[in-house]
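Coordinate inspection notes
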Amino acid sequence: MTEMPEIKPLGQLFTDRAAEAPDAPAVTVGADTITRGELESRANRTARHYEQLGVGVGDFVTIALPNSIEFFVATAAVWKLGAVPQPISWRLPRRERQEIVELADPKLIVGVEADDHPGRTTLPVGAEIDASLDDSPLPGERISPAWKAPTSGGSTGRPKVIVAGQPGLFPKEVGAGWGMAPDDVQLVPGPMYHSAPFGWSFFGLWMGHHIIVLPRFDPEVALQAVHDRQVTWACFVPTMLRRMLRVIDEKPGRFDLSSLRMLWHMGAPCAPWLKERWIELVGPDRVFELYGGTEAQAIAVISGREWLEKRGAVGKPALGEMMILDPQGNQLPPGEIGEIYMRSPSDEPPRYHYVGAEARVRDGWESLGDMGWMDEDGYVYISDRRTDMIVTGGANVYPAEVEAAIDEHPLVESSAVVGIPDDDLGQRVHAVVHAADGLTDDALLAHLEERLVKYKLPRSIEFVDEQLRDDAGKVRRAAVREAVLARQSVAG
């Protein structure tokens, strides 16, 4: 009979890993490394400091820190108190951060100046923790009622807090289901305030990984880290894969990727040509894709080998259920595009709840707003988000498909496709493109004509100098559209 793994409070897992190997490296960020013993000691001392500031079991603690050792210490300290970490981007403007703070009502905000949020208890980046505080484990068993509470703007741009339904109790083997092994070296290339880097990195720490965190994503630095550190497990978004591939093509043979045992990607649609290249680079049995939201009602997974048979699929449900519905709520047959609805396993409690938003629910099934279809074998294919679809001249155009074709051009860095008002067509397809010097409208359209049917081609193209996707590979098309209309209003 298989022995069930022992489930422990998250704060205790740091203590256990430190007791096993106190001098083993736990986290490396840039040139800084902290051992398991040092992480445990600093987290215990920091937890006592937070406790003096009023933080207790169940309290939210907003963490606005960049990728750093300090982020890991602060988060571990929150769990040791049985509180709930609520990571947010450290780059948020004060007004947007204030909206989140008002929703979450945290007991403490870490990483901001006191003047930013009058009346709130805050600690700035690099705040000194009293060295005389006890660094031994905290007494008692303190369990967070929710193990995390990240934020999301979604397609609306309005912030919401996604409070996990699972308490802060996990077995140390929590990452095994994602192909993690205790001796892995894990690369974390994305921002820690995003749900995937946050979860993967801590799952790895609890299992015993050495976590290599990039302060910010740089394709060459990421490839060099895999090469130098012999990284075995990593998760990227397609934008990262594309930028790394460009470096590999510019410097063939420079980077050894043979150590990679598991390469996951998620967070945005991955162009088939890009996925094929990575399957060729590291092998079909090492590439895996995950589709799902932070809410995790259901999760689909597909291996590279499966994908070669199901080109374009994002996976088959591995957790929960998915189905495709039309606007009237009818289940659609295989091959027909509709809205993707998800349902958690019936024997589990709710996997999340929102603060500041309402779930889109139909008869117990929930939607994140994605459009797609399912084949006869149950594999899911993504078209785009419901709110981003462009209806031009009566035809539906999914921006992600057009963006994937644009991004295939070797001079393109990133793109965003939106629908803007058109007197004749209702909406016209407009492409905003960040590209290297020398790319023209005609050259890009010639490239696209080989890949897209005529009605999907952009009727207008605008070149810009800034990246259009954030560190996690996300593009906010609503914001891009507003900026396009504002520029056209000024020009016209």
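A brief report on the enclosed structure follows. This one's a predicted model, so the numbers in the text were calculated from it and none came from an experiment.

**A few points about the nonpolar core**
Note that soluble globular proteins tend to have their nonpolar side chains buried in a common cluster. Val 27, Tyr 50, Phe 202 and Trp 206 are the most contacted members of the largest nonpolar core, which has 57 residues in total. If you look at the next biggest cluster of nonpolar residues, it comprises 36 residues, including Val 185, Leu 214, Phe 217 and Tyr 379.

**Some thoughts on helix H1 (residues 10-20)**
Each full turn of the α-helix corresponds to 3.6 residues, which orients residues three or four apart in the same direction. Taken across its 11 residues, H1 has 8 buried, putting it largely inside the fold. Considered for burial, the residues of H1 that qualify are Leu 10, Gly 11, Leu 13, Phe 14, Thr 15, Asp 16, Arg 17 and Ala 18.

**Comments concerning the side chain of Arg 97**
The topology assignment puts Arg 97 in helix H4 (residues 94-104). Since its relative accessible area comes to 7%, Arg 97 is described here as buried. There is a polar contact of 2.8 Å between the side chain of Arg 97 and the side chain of His 117. When sequence neighbours within four positions are dropped, the list of residues in contact with Arg 97 reads Ile 88, Leu 92, Val 112, Asp 116 and His 117.

**Quick word on the sheet that holds strand S7 (residues 122-123)**
One open sheet accounts for 4 strands, arranged S5-S4-S6-S7; its pairing is parallel. The outermost strands of the open sheet, each flanked by one partner alone, are strand S5 (84-87) and S7.

**Quick notes on unusual backbone geometry**
For Gln 230, which is not glycine, the phi dihedral falls at a positive 55°. Mapped onto the secondary structure, Gln 230 falls in the loop between helix H6 (219-229) and strand S13 (233-236). At Asp 363, a residue that is not glycine, the phi angle is positive and equals roughly 55°. Topologically, Asp 363 is positioned in the loop between strand S21 (360-362) and strand S22 (365-374).

**Overview of the sheet that holds strand S27 (residues 426-435)**
Ordered by their spatial adjacency, 3 strands build an open sheet running S26-S27-S28, and the pairing between neighbours is mixed. At either margin of the open sheet sits one strand with a lone partner, and together these are strand S26 (412-422) and strand S28 (460-464). Here the average twist between neighbouring strands, direction ignored, is 25°. Contacting S26 and S27, helix H10 (residues 399-407) crosses the sheet at an angle of about 140° to S26.

**Comments concerning helix H11 (residues 441-449)**
Leu 444, His 447 and Leu 448 are the residues of H11 that are buried. With its buried residues spanning 95° around the axis, H11 presents them on a single face. Counted as exposed and oriented over 90 degrees from the buried face of H11: Asp 442 and Glu 449. Looking at the buried positions of H11, the neighbouring elements they touch are H10, S26, S27 and S28.

**Comments concerning the pairing of strand S18 (residues 321-325)**
Counting buried residues along S18, 4 of its 5 residues qualify, which places the element largely inside the surrounding structure. By the bridge criterion, 5 bridges tie S18 to strand S19 (residues 338-343) in an arrangement that is antiparallel. Counterpart to Glu 321 in the pairing with S19 is Arg 343.

**Looking at the packing of H6 against helix H7 (residues 238-250)**
Across the interface, H6 lies against H7 with an axial gap of 8 Å and an inter-helix angle of 75°. Put simply, H6 runs roughly perpendicular to H7. On H7, the residues that touch Pro 219, Glu 220, Ala 222 and Leu 223 of H6 are Arg 243, Met 244, Val 247 and Ile 248. Looking at side-chain class alone, the contact of H6 with H7 contains 6 nonpolar, no polar and 2 charged residues.

**Details of the packing of H1 against helix H5 (residues 195-207)**
Direction vectors running N to C along H1 and H5 enclose 45°, while the axes themselves pass 8 Å from each other. In terms of orientation, H1 lies oblique with respect to H5. Judged by residue contacts, Leu 10, Leu 13, Phe 14 and Arg 17 of H1 engage Phe 202, Leu 205, Trp 206 and Met 207 from H5. Class assignment for the residues of the contact of H1 with H5 results in 7 nonpolar, no polar and 1 charged.

**Looking at the environment of Ile 100**
Structurally, the position occupied by Ile 100 is in helix H4. Non-local contacts of Ile 100, meaning those with residues more than four positions away in its chain, are made with Gln 86, Ile 88, Leu 92, Thr 151 and Pro 159.

**Here's the deal with the pattern of salt bridges**
One pass over the structure, following the stated rule, counts 28 salt bridges. For Lys 172, the salt bridge identified is with Glu 20, shortest N-O distance 3.8 Å. Residue Lys 172 is found in the loop between strand S10 (169-171) and strand S11 (185-188), and its partner Glu 20 is found in helix H1; the two are separated by 152 residues along the sequence. Given the relative accessible area of 31%, Lys 172 is considered partly exposed. Overall, Glu 20 belongs to the partly exposed group, its relative accessible area being 48%. Across the pair Arg 343 and Glu 321 runs a salt bridge, and its minimum N-O distance is 3.0 Å. Taken together, the positions of Arg 343 in strand S19 and Glu 321 in strand S18 put the pair 22 residues apart, joining distant regions of the chain. Residue class for Arg 343 comes out partly exposed when judged on its relative accessible area of 32%. Put simply, Arg 17, Glu 20, Arg 36 and Lys 172 are held in one network by salt bridges that share partners.

**Overview of the pairing of S26**
Judged by how many residues are buried, S26 sits mostly within the fold: 8 of 11 residues are covered. Where S26 lies against S27, 10 bridges are found, and the strand directions are antiparallel. Bridge pairing in S27 links Ile 420 to Arg 428. Between S26 and S27, which pair antiparallel one after the other, the connecting turn spans 3 residues.

Conventions and cut-offs
- Residues numbered from 1 in each chain as written.
- Predicted model: local features only at pLDDT ≥ 70, side-chain atom pairs only at ≥ 80, totals over all residues.
- Heavy atoms only, no water.
- Core = buried A, V, L, I, M, F, W, Y, C linked by side-chain atoms within 4.5 Å.
- Buried < 20%, exposed > 50% of the residue type's maximum accessible area, 1.4 Å probe, protein only.
- Helix = DSSP H or I, 4+ residues; strand = E, 2+ residues; numbered from the N terminus.
- Polar contact = N/O pair within 3.5 Å; in protein donor to acceptor, adjacent residues only side chain to side chain.
- Contact = heavy atoms within 4.5 Å.
- Pairing = 2+ DSSP bridges.
- Axes fitted to C-alpha atoms, helices over the stretch in contact; angles between N-to-C directions.
- Arc of directions from axis to C-beta.
- Parallel < 35°, antiparallel > 145°, perpendicular 65-115°, else oblique.
- Nonpolar A, V, L, I, M, F, W, Y, C, P; charged D, E, K, R; others polar.
- Salt bridge = Lys/Arg side-chain N within 4 Å of Asp/Glu carboxyl O.

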